[in-house]
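This is what each chain is made of:
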Amino acid sequence: MQIVRLKSQQAITPYAPQWDAPLAFIQWDQPEKVDTIREFLLSKEEEILKLPFQGQGRTGLDDTAVTTRYGRYNVFDFADECPELNDMLDWVRESWAKFITMDQTQAYNLRYTCWYNIIRKGQPIDNHRHCAGDGTYLSANIHLDDYKDSGTIYEHMEMGMKLANVKGGLTFFPGYVEHRVPEYTGDDPRVSMAFDLYVYQPPWQGVQDHLKHNHFITPEEYANMYEKLNLTRTH
């Protein structure tokens, strides 16, 4: 796993902004399973578009895009139709555990939402962020093919970084980090998945009822995974 940071310089005045936003990248080494998931999600497009419109979330996409049904379903609920999704979710959890261990942050009781995006030649995804409130945690995306004609630009304050869209590539980032995809020029559909992880501590912190959310992990499950994966925190 590689972690890069959008990080401010040392402030000169007490009014200068400070930030430190990590971007963690890792690639799933199961390309055949990624291909299966990609084809499955393409086959579900018409079905997903029958769900009620949720909103465009500042992406600039209209009601003909599956992105605008985010929160109406959870991609991993389709694992009975596409078992490879279970393998992907296990890997995502392990990747998250590696990330927070390397970044030396604590584990929480987490829920998650997951949806997917399909854009085609000539379409961009506008600059947007997923959340920026006091309970903001992590978001992520996974790309389901090598999109040589595409990359995702992550931006915060005056800084930005472009990461290539590669098959099985997973990027974690704080939910407040804005990100966008310039106009896509490839001939094949660009398919990606998106996640939001939420700290779940009702009644103080939860997930909005209109979003389809599932259990992600608990601190106890993280502790077991930490031991299983032989993870080590540096001090």
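Definitions and cut-offs
Residues numbered from 1 in each chain as written. Predicted model: local features only at pLDDT ≥ 70, side-chain atom pairs only at ≥ 80, totals over all residues. Heavy atoms only, no water. Axes fitted to C-alpha atoms, helices over the stretch in contact; angles between N-to-C directions. Helix = DSSP H or I, 4+ residues; strand = E, 2+ residues; numbered from the N terminus. Parallel < 35°, antiparallel > 145°, perpendicular 65-115°, else oblique. Contact = heavy atoms within 4.5 Å. Nonpolar A, V, L, I, M, F, W, Y, C, P; charged D, E, K, R; others polar. Buried < 20%, exposed > 50% of the residue type's maximum accessible area, 1.4 Å probe, protein only. Polar contact = N/O pair within 3.5 Å; in protein donor to acceptor, adjacent residues only side chain to side chain. Salt bridge = Lys/Arg side-chain N within 4 Å of Asp/Glu carboxyl O.

Trainee: Run through the packing of helix α3 (residues 84–103) against helix α4 (residues 219–228), naming residues and quoting values.
Mentor: At a closest axis distance of 10 Å, the pairing of α3 and α4 adopts a crossing angle of 85°. Classified by the angle between their axes, α3 and α4 sit roughly perpendicular to one another. The segment α3 lies against α4, with Arg93, Glu94, Trp96, Ala97, Ile100 and Thr101 engaging Tyr222, Met225, Tyr226 and Lys228. Grouping the constituent residues of the contact of α3 with α4 by class yields six nonpolar, one polar and three charged.

Trainee: Lay out the side chain of serine 8 with the relevant residues and their values.
Mentor: Structurally, serine 8 can be placed in the loop between β1 (2–7) and β2 (20–27). Relative accessible area serves as the criterion here: at 14%, serine 8 is assigned to the buried category. For serine 8, the side chain forms a polar contact with the main-chain nitrogen of tryptophan 19, separated by 2.9 Å. In this structure, serine 8 is in contact with Pro17, Gln18, Trp19 and Met159, ignoring residues within four places of it in sequence.

Trainee: Explain the pattern of salt bridges residue by residue, including any values.
Mentor: The full count for this structure, using the stated rule, is 15 salt bridges. In this structure, the salt-bridge partner of aspartate 145 is arginine 38, at a minimum N-O distance of 3.9 Å. With a gap of 107 residues between them, aspartate 145 in the loop between β5 (138–143) and β6 (147–156) and arginine 38 in helix α1 (residues 31–43) connect regions that are remote in the sequence. Among the residues examined, arginine 38 registers a relative accessible area of 8% and is labelled buried. With its nearest N and O atoms 3.2 Å apart, the salt bridge here joins arginine 58 to glutamate 178. Of this pair, arginine 58 sits in the loop between α2 (45–49) and α3 while glutamate 178 sits in strand β9 (residues 178–181), and the two are 120 residues apart along the sequence.

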